[in-house]
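Coordinates in review
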Amino acid sequence: SSGSRDEALRDKRARILSRGLPKQKPIEGVKQVVVLASGKGGVGKSTTAVNIALALAANDSTKEVGLLDADIYGPSIPKMMNLRGNPELTSKNLMRPLKNYGIACMSMGFLIEETAPVVWRGLMVMSAVEKLLRQVDWGQLDYLVIDMPPGTGDVQLSVSQNIPIAGAVIISTPQDVALLDARKGAEMFRKVHVPVLGLVQNMSVFQCPKCKHETHIFGADGVRDLAKTLGLDILGDIPLHVNIRETCDSGQPVVISQPESDA
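The rules behind each value
- Residues numbered from 1 in each chain as written.
- Predicted model: local features only at pLDDT ≥ 70, side-chain atom pairs only at ≥ 80, totals over all residues.
- Heavy atoms only, no water.
- UniProt positions renumbered as here; feature names shortened; annotations may be inferred.
- Helix = DSSP H or I, 4+ residues; strand = E, 2+ residues; numbered from the N terminus.
- Rg over C-alpha atoms; globule rule 2.2 N^0.38 Å.
- Buried < 20%, exposed > 50% of the residue type's maximum accessible area, 1.4 Å probe, protein only.
- Contact = heavy atoms within 4.5 Å.
- Lys, Arg positive; Asp, Glu negative; His and termini not counted.
- Charge placed at Lys NZ, Arg CZ, Asp CG, Glu CD.
- Pairing = 2+ DSSP bridges.
- Polar contact = N/O pair within 3.5 Å; in protein donor to acceptor, adjacent residues only side chain to side chain.
- Axes fitted to C-alpha atoms, helices over the stretch in contact; angles between N-to-C directions.

- An unreviewed UniProt entry annotates the protein as Iron-sulfur cluster transfer protein NUBPL originating from Psophia crepitans.
- Heading Function (unreviewed entry) of the UniProt record for the protein holds this comment: "Iron-sulfur cluster transfer protein involved in the assembly of the mitochondrial membrane respiratory chain NADH dehydrogenase (Complex I). May deliver one or more Fe-S clusters to complex I subunits."

1. Section: the overall build of the protein
- What the protein contains, in helices and strands, is 9 helices and 10 strands.
- A globule of 263 residues ought to have a C-alpha radius of gyration of about 18 Å, and the protein, at 20 Å, matches this closely.
- Its C-alpha atoms give the protein principal-axis dimensions of roughly 80 × 50 × 40 Å.
- Residues counted as buried form 41% of the 263 residues belonging to the protein.
- Put simply, of all contacts in the protein between residues at least 6 apart along the chain, 75% involve residues at least 24 apart.
- Of the charged side chains in the protein, 29 are positive and 28 negative; the average position of the first set lies 8 Å away from that of the second.

2. Some thoughts on the pairing of strand E4 (residues 103-107)
- Among the 5 residues that make up E4, 5 are buried, leaving the element largely enclosed by the rest of the structure.
- Burial along E4 is two-sided: Ile103, Cys105 and Ser107 facing one way and Ala104 and Met106 facing the other are all buried.
- As paired elements, strand E2 (residues 65-69) and E4 share 5 bridges and run parallel to each other. Bridged to Leu67 within E4 is Cys105.
- Looking at chain direction, strand E3 (residues 98-100) and E4 are connected through 3 bridges and run antiparallel. Following the sheet pairing, Asn100 is matched in E4 by Ile103.
- What sits between the antiparallel neighbours E3 and E4 is a turn of 2 residues, in which Tyr101 has the positive phi angle 50°.

3. Points about the pairing of E2
- With 5 of 5 residues buried, E2 lies mostly within the body of the structure.
- Residues Val65, Leu67 and Asp69 of E2 are buried on one face, and the alternating residues Gly66 and Leu68, pointing to the opposite face, are buried as well.
- Pairing analysis gives 5 bridges linking E2 to strand E5 (residues 141-147), with the strands arranged parallel. Bridge pairing links Leu68 to Ile146 in E5.

4. Examining helix H5 (residues 154-162)
- Every buried residue of H5 is accounted for by Val155, Gln156, Ser158, Val159, Ser160 and Asn162.
- Tucked into the core, H5 has its buried residues touching strand E1 (30-37), helix H4 (122-134), E5 and helix H6 (176-191).

5. A look at unusual backbone geometry
- One non-glycine residue, Asn82, adopts positive backbone phi at about 55°.
- Non-glycine residue Tyr101 carries a positive phi angle of around 50°.
- Mapped onto the elements of the fold, Tyr101 is located in the loop between E3 and E4.
- For Tyr101, a relative accessible area of 27% gives the class partly exposed.

6. Topic: the environment of Ser160
- As for its placement among the helices and strands, Ser160 is situated in helix H5.
- Sequence separation between Ser160 and Phe189 is 29 residues, and the spatial gap between their C-alpha atoms is 7.8 Å.
- Leaving out residues up to four positions away in the same chain, Ser160 has contacts with Gln24, Met148, Ile165, Met188, Phe189, Val192 and Val194.
- Here the side chain of Ser160 touches Gln156 through a polar contact of 2.7 Å, landing on its backbone oxygen.

7. Regarding the environment of Met81
- Among the secondary structure elements, Met81 is positioned in the loop between helix H3 (77-80) and E3.
- Not counting residues within four places of it along the chain, the set of residues in contact with Met81 comprises Val50, Leu54, Leu67, Asn100, Tyr101, Ile103, Cys105, Gly251 and Pro253.

8. Focus on the sheet that holds strand E6 (residues 167-172)
- Pairing in this open sheet of 8 strands is mixed, and the strands run E3-E4-E2-E5-E1-E6-E7-E10 from one edge to the other. Only two strands of the sheet have a single neighbouring strand rather than two, namely E3 and strand E10 (234-237). Recorded for the sheet is a direction-independent mean angle of 25° between the axes of neighbouring strands.
- Sheet analysis places E1 next to E6, joined by 4 bridges and oriented parallel. Considered in E6, the bridge of Val34 is made with Gly167.
- Relative to the sheet, H4 contacts E2, E4 and E5, its axis offset from that of E2 by approximately 170°.

So this is what it looks like as structure tokens:
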């Protein structure tokens, strides 16, 4: 019958599609992977990723936390975590992460010169991502925070399909242009069956240090409105504050250098 033919065709299509996808394989020694993503660049994703990794460790000193910089073209974790140098190799030829503030870190920035551009095509980028995922000796980690590059391209799909991910956090400013891309990012993770834990609204309000007047430079509640539309939680609302920027630029993120501050 035509019904059974259609069913057989659907089964065959599903088998072909499943063969094309890589089998998800956990990273050895890592219990939970959390990815931080944004549709658009320049919304403070790496700054937030660094401070979230430090906050996870600060909230529970028994937990081991790692930070993976998956932004191949623009790695910024080495500067923000005040780390430089080349990783050592273990006897099994795995790279040892560099460590600061108790956080194990790996980044493309440790493997190339600081000022050298990464002028690579897609396959080379995929190979680098694979190495950062599979050829690093993380030891035993409770959480691995992955700082994703902006967008919804090859790197995001490769990471999502290669390893089991506990959840994704989407970072955005309240600006309309950023929100368009943040929505695409959230929808992409849903399509590849990665749970979206919620959204973080970054650079939400600027307070004048002299008169204390508050200005919503990028808009007021854009991320909150998007969260309602998508049925997601708002996980945090971070102000546009000079201390957050300065501390990360100097390699002393605000969570570790000013833990009692409002920021």
